[in-house]
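# Observations on the model geometry
Here's the letter readout for the chains.
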Amino acid sequence: MSANKESLGRTVGVVLAVCLVCSVIVSGAAVGLRDIQQTNAMKDKMSNILHAAGLLEQAQGDILGTYNEFVEQRFVDLSSGEFVEAPSEDYDMYKAAKKTDMSVKVENSNVGFQRRAEIASVYLVRDDAGDVSRVILPVHGSGLWDLMYGFLALDADGKTVRELIYYQQKETPGLGGEVQNPAWQEKWDGKKLYSDDGAVALEVKKNAGAENPYAVDALSGATLTSNGVNNTVQYWVGESGFGPFLKKQAWRS
C-alpha cells in the first residue's frame, strides 16, 4: 500500500513539474512574442492606410519608411471638427469608445455600435510638395455577422471618395466578403459624399449605375452587408461623425 502511495505521489509530482515547466515556457514565449505581434499589427495597419492612400505599391516593402514620409496622424474632436492633441501617447479611438468619460452615446442604432469616441484619429496624406492630397477616415459599422472596420479615403476637397478599404470583417465569402474585392472597391472612386445643399447624398443601392455620382452598386446577394456599408458611410460623414471636420477642412489651414 505504501509503495502504491509512493508511486502515485511520484506520478503526481512529475505531472505537476511538467505542467509548471510548460506554463513557464508558454508564458515566456507569449512575453517574448508580444513585441513582434505588436510590430506586425502596426505594420498591417500602416499597410491598409497606405492602400487607402494609393501608396502601397510605391512602398515596395518599405511600409514604415513610406508611411512616415507621406502620412501624418492627427486627432479630431468630432463635435467641433477641430484638431486637438492626442489624449494620451497610446490613444486608441476604439478603446476610448468603451469608456463613458471618453465617448458619447450613438443615437443611430443602424450602425451597430452603441458609443463612439469623442476624439477620433484621421490620417493626412501629403504629396512630394507637402500638400495634403488625401484625407483618410477610420470607419466602422455593422455587417451581417459582426462589425466591419475600414478606412475611407477622400480627396483634399473632403467631398470626393477615392477608396473604401475594409481590413477587418467576418462576412460570408463570395457574398458580403466581397467588400474586399478590388473590383467592388474601384466602384467608389470618384463618388461624391454631399449634394449641393451639403446633405449626405452618397448611398449603396441596387442598380446604382456607374454614371450616378452619388451611388455605389450594392453587393449581389448581400443585402444586409450592403446596408451596413451604406449606414456606416452615411453615419461617419454625417453630423454625428466626421461631418463637422470635413466641412471645416481644418487640414487646409
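The structure presented is a predicted model; accordingly, all values stated were derived computationally and were not measured.

Once that is clear, we can look at the packing of aromatic side chains. For the structure on display, the rule yields eleven aromatic pairs. Taking 6.0 Å as the distance between ring centres and 90 degrees as the angle between the ring planes, the aromatic pair formed by Tyr123 and Phe151 counts as edge-to-face. Note that Tyr123 is positioned in strand β5 (residues 119-126) and Phe151 in strand β7 (residues 147-155), a separation of 28 residues in sequence. For Phe151, a relative accessible area of 2% gives the class buried. Taking the centre distance of 5.1 Å and the plane angle of 90 degrees together, the rings of Tyr235 and Trp236 count as edge-to-face. No difference in accessibility class separates Tyr235 from Trp236, as the two residues are buried. Three or more aromatic residues joined by ring pairs make a cluster, and in this case those are Phe113, Tyr235, Trp236 and Phe242. The cationic tip of Arg74 hangs over the ring face of Phe83; the distance from NZ or CZ to the ring centre is 3.9 Å.

This part covers the sheet that holds strand β1 (residues 71-77). Sheet architecture is open: six strands sit in the order β2-β1-β5-β6-β7-β8, paired in antiparallel fashion. Two strands lie at the open edges of the sheet, namely β2 (82-84) and β8 (161-168), each paired on one side alone. Across the sheet, the mean angle separating the axes of adjacent strands is 35 degrees when strand polarity is ignored. Where β7 and β8 come together, six bridges link them in antiparallel fashion. Bridged to Phe151 within β8 is Ile165. Helix-sheet contacts for helix α3 (residues 63-70) involve β1 and β5, and the interaxial angle to β1 is about 55 degrees. Helix-sheet contacts for helix α6 (residues 223-236) involve β6 (132-142), β7 and β8, and the interaxial angle to β6 is about 125 degrees.

All right, on to unusual backbone geometry then. Within the chain, Asn207 stands out as a residue other than glycine whose phi angle is a positive 50 degrees. Mapped onto the fold, Asn207 is located in the loop between β9 (203-205) and β10 (215-217). Overall, Asn207 belongs to the exposed group, its relative accessible area being 77%. The backbone of Gln249 shows a phi angle near 50 degrees, a positive value even though the residue is not glycine.

Our focus in this paragraph is the pairing of β6. Where burial is concerned, most of β6 is hidden: ten out of the eleven residues are buried. Bridge analysis of β5 against β6 gives four bridges, and the strand direction is antiparallel. Residue pairing in the sheet places Leu124 in a bridge with Val135 of β6. As consecutive antiparallel partners, β5 and β6 are separated by five residues, and within that stretch Gly130 has a phi angle of approximately 90 degrees, a positive value. The pairing of β6 with β7 spans nine bridges and is classified as antiparallel. Paired with Pro138 across the two strands is Phe151, which belongs to β7. In sequence, β6 turns back onto β7 through a hairpin of four residues.

Mapping Asp217 onto the fold places it in strand β10. A C-alpha to C-alpha distance of 5.7 Å links Asp217 and Asn207, two positions ten residues apart in sequence. In this structure the side chain of Asp217 is engaged in a polar contact, spanning 3.3 Å, whose partner is the backbone nitrogen of Gly209.

With that out of the way, let us pick up the environment of Ser121. Tracing the backbone shows Ser121 in strand β5. Given the relative accessible area of 5%, Ser121 is considered buried. Separated by 16 residues in sequence, Ser121 and Leu137 have C-alpha atoms that sit 7.4 Å apart. In this view, Ser121 contacts Gln73, Arg74, Phe75, Met93, Pro138 and Phe242; residues no more than four positions away in its chain are not counted. A polar contact of 3.2 Å, which involves the side chain of Ser121, links it to the side chain of Gln73.

Turning to α3, its buried residues number three or more, namely Ile63, Thr66, Tyr67 and Phe70. With its buried residues spanning 100 degrees around the axis, α3 presents them on a single face. For α3, exposure combined with an orientation more than 90 degrees from the buried face picks out Asn68 and Glu69. At the N-terminal boundary of α3, the capping side chain belongs to Asp62, with an oxygen 3.0 Å from the backbone nitrogen of Gly65.

About the thresholds
Along each chain, residues carry numbers from 1 onward, in the same order as the chain's sequence is written. Owing to the predicted nature of the model, reporting of local features is limited to residues with pLDDT of at least 70; listing and counting of side-chain atom pairs is limited to 80 or more, with chain, interface and lining totals taken over all residues. Side-chain metrics rest on all non-hydrogen atoms present in the structure, leaving aside hydrogens and water. Ring pairs are drawn from Phe, Tyr and Trp, using the six-membered ring of Trp, whenever the two centres fall within 6.5 Å, and their geometry is named by plane angle: stacked under 30 degrees, edge-to-face over 60, tilted for the rest. Put simply, DSSP H or I for four residues or longer makes a helix, DSSP E for two residues or longer makes a strand, and each gets a number counted from the N terminus. Think of it in three bands: residues with accessible area under 20% of the maximum for their type are buried, residues over 50% are exposed, and the middle band is partly exposed, with areas taken using a 1.4 Å probe on protein chains only. Geometrically, a charge over a ring is one whose NZ (Lys) or CZ (Arg) sits within 6 Å of the ring centre while staying within 35 degrees of the ring normal. Here, any two strands with at least 2 DSSP bridges between them count as paired. Axis definition: a line fitted to C-alpha atoms, limited for helices to the stretch in contact. Angles are taken between N-to-C directions and run from 0 to 180 degrees. In this analysis, two residues are considered to be in contact whenever any of their non-hydrogen atoms come within 4.5 Å of each other. Side-chain atoms alone can form a polar contact between residues adjacent in sequence; in general such a contact is a pair of N or O atoms within 3.5 Å, and within protein one must be able to donate a hydrogen while the other accepts it. The arc in question is the one traced by the directions running from the helix axis out to the C-beta atoms.

These values are about where atoms sit, not about what they do.
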